[in-house]
Amino acid sequence: MEEDPDAGKNYIFAKGICLDKIFWVFLISALLGDIIETIYCRIVGGEWMSRSSVLYGPFSIVWGIGAVVLTLVLSRFAHKADRYIFVIGALLGGVYEYVCSVFTEIVFGTVFWDYSHMMFNIGGRTNLLYMGFWGILSVVWIKIIYPRLSSGIEKIPPLTGKILTWILVVFMACNSLISAMAVVRYTERKDGIAADNIVEEFLDATYQDELIERVWPNMVITEK
């Protein structure tokens, strides 16, 4: 068999739904989701408020993972009528938001949002209004946004794309890890637990309460 000298030239970065494509969907959605939510809070609440999930950079992990979930689940229904995608997206979004709320409360002992004051809420973790928003977003995402986003990602030069992907994977992994550790230490400090090793001392000195509360202004520590 002879090698095709043009094989490398025809290679498309992150073609189809693959790990590279999923990561870029996550990263871009996390960034745009944070920006959109920040502007929304400014318009509705009249103040600029951090909506980031991590300490470094405007990235909302909830938005990023949500976009990945919508992509993986709804891609097979892209040919369906909008009403079907709306219903599936609404249910998926409600379940996703509920699970995220339970996860953060169990793992970190914190609550980042509470809809108890809103009508038709489900345990304060999600509500029918936002489920409707998820449904609308699902239709717009799978019919309009994702096809264009996917096409744009695939235009990244292959070598550049691979290098950037690994750099950003390492950055986001470290960013998420240090953010989680900082939140754990914050809750421990509130419980009066003193640092007993060099890592916890570093976290206490670097990520003090004022910083944590500025990055996550809506975070509430649950009672044990």
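Details of the structure are given in the entry above.
Thresholds applied
Residues numbered from 1 in each chain as written. Predicted model: local features only at pLDDT ≥ 70, side-chain atom pairs only at ≥ 80, totals over all residues. Heavy atoms only, no water. Buried < 20%, exposed > 50% of the residue type's maximum accessible area, 1.4 Å probe, protein only. Helix = DSSP H or I, 4+ residues; strand = E, 2+ residues; numbered from the N terminus. Arc of directions from axis to C-beta. Contact = heavy atoms within 4.5 Å. Polar contact = N/O pair within 3.5 Å; in protein donor to acceptor, adjacent residues only side chain to side chain. Phe/Tyr/Trp six-rings, centres within 6.5 Å; stacked < 30°, edge-to-face > 60°. Lys NZ or Arg CZ within 6 Å of the ring centre and 35° of its normal. Patch = residues over 30% accessible without salt bridge, like charges linked within 9 Å, V, L, I, M, F, W, Y side chains within 5 Å. Areas by Shrake-Rupley, 256 points an atom, 1.4 Å probe, with all protein chains shown as cover. Salt bridge = Lys/Arg side-chain N within 4 Å of Asp/Glu carboxyl O. Axes fitted to C-alpha atoms, helices over the stretch in contact; angles between N-to-C directions. Parallel < 35°, antiparallel > 145°, perpendicular 65-115°, else oblique. Left-handed = near helix turned anticlockwise from the far one by under 90°. Nonpolar A, V, L, I, M, F, W, Y, C, P; charged D, E, K, R; others polar. Core = buried A, V, L, I, M, F, W, Y, C linked by side-chain atoms within 4.5 Å.

A. Highlighting helix α6 (residues 198–206). Every buried residue belonging to α6 is among Glu200, Leu203 and Asp204, and all of these are buried. Across the axial projection of α6, the buried residues extend over an arc of 95°, all falling on one side. Residues of α6 that are exposed and point over 90 degrees away from its buried face: Ile198 and Ala205. Buried residues along α6 sit in contact with α5 (158–190). One side-chain oxygen at the N-terminal end of α6 lies 3.0 Å from the backbone nitrogen of Val199; it belongs to Asn197.

B. Spatial organisation of the packing of aromatic side chains. Going through the model one piece at a time under the given rule, you end up with nine aromatic pairs. Put simply, the rings of Phe23, Trp24 and Phe26 pair up and form one aromatic cluster. A cation over an aromatic ring shows up here: Arg125 above the ring of Tyr98, its NZ or CZ 5.6 Å from the ring centre.

C. A nonpolar patch on the surface, seen in detail. A cluster of nonpolar residues, Leu31, Leu32, Ile35, Ile36, Ile39, Tyr40, Ile43, Val44, Trp48 and Trp63, forms a patch on the protein surface that exposes about 1000 Å² of accessible area. Ranked by residue count, the leading element in the nonpolar patch is helix α1 (residues 19–45), at eight residues. Note on placement: Trp63 falls in helix α2 (residues 61–74). Exposure remark for Trp63: the relative accessible area of 30% places this residue in the partly exposed category.

D. Spatial organisation of unusual backbone geometry. Even without glycine at this site, Ala14 takes up a positive phi of about 55°. Mapped onto the elements, Ala14 comes out in the segment before α1.

E. Representation of the environment of Arg76. Mapped onto the secondary structure, Arg76 falls in the loop between α2 and α3 (82–108). As for Arg76 and Ile142, which are separated by 66 residues in sequence, their C-alpha atoms are 9.8 Å apart.

F. Quick look at the packing of α1 against helix α4 (residues 128–153). Where α1 meets α4, the closest approach of the two axes is 11 Å, and the angle between their N-to-C directions is 115°. The angle between α1 and α4 falls in the class roughly perpendicular. Between α1 and α4 the crossing geometry is right-handed. Of α4, the residues touching α1 (which contributes Lys21, Trp24, Val25, Ile28 and Ser29) are Trp141, Tyr146, Leu149, Ser150 and Ile153. Taken together, the residues of the contact of α1 with α4 break down into seven nonpolar, two polar and one charged.

G. Just the nonpolar core, in detail. Grouped together as the largest cluster of nonpolar side chains are 43 residues, with contacts concentrated most on Val25, Leu55, Trp141, Ile153, Ile212 and Trp216. Listing elements by their share of this core, those giving two or more residues are α1, α2, α3, α4, α5 and α7 (209–215). Beyond its immediate chain neighbours, meaning those up to four positions away, Trp216 contacts Ser52, Ser53, Val54, Leu55, Phe112, Ser179 and Val183.

H. A look at the pattern of salt bridges. With the rule as written, the count across this model stands at 11 salt bridges. Of the charged contacts, one joins Arg125 and Glu105 as a salt bridge, the two residues approaching to 2.8 Å between their closest N and O atoms. Of this pair, Arg125 sits in the loop between β2 (121–122) and β3 (126–127) while Glu105 sits in helix α3, and the two are 20 residues apart along the sequence. Given the relative accessible area of 17%, Arg125 is considered buried. The class for Glu105 is partly exposed, based on a relative accessible area of 27%. Measuring nitrogen to oxygen at the nearest pair gives 2.6 Å for the salt bridge that ties Asp204 to Arg189. Here the residue Asp204 occupies a position in helix α6, and Arg189 occupies one in helix α5, the gap between them amounting to 15 residues. Bridged by salt links that share partners, the residues Arg185, Glu188, Arg189, Lys190, Asp204, Asp209 and Glu213 form one connected network.

I. Up close: the side chain of Thr165. On the secondary structure map, Thr165 appears in helix α5. The class of Thr165 is buried, set by a relative accessible area of 4%. Among the polar contacts listed, one links the side chain of Thr165 to the backbone oxygen of Gly161, at a separation of 2.6 Å. Excluding residues within four positions of it along the chain, Thr165 makes contact with Phe13, Asp20, Phe23 and Trp24.

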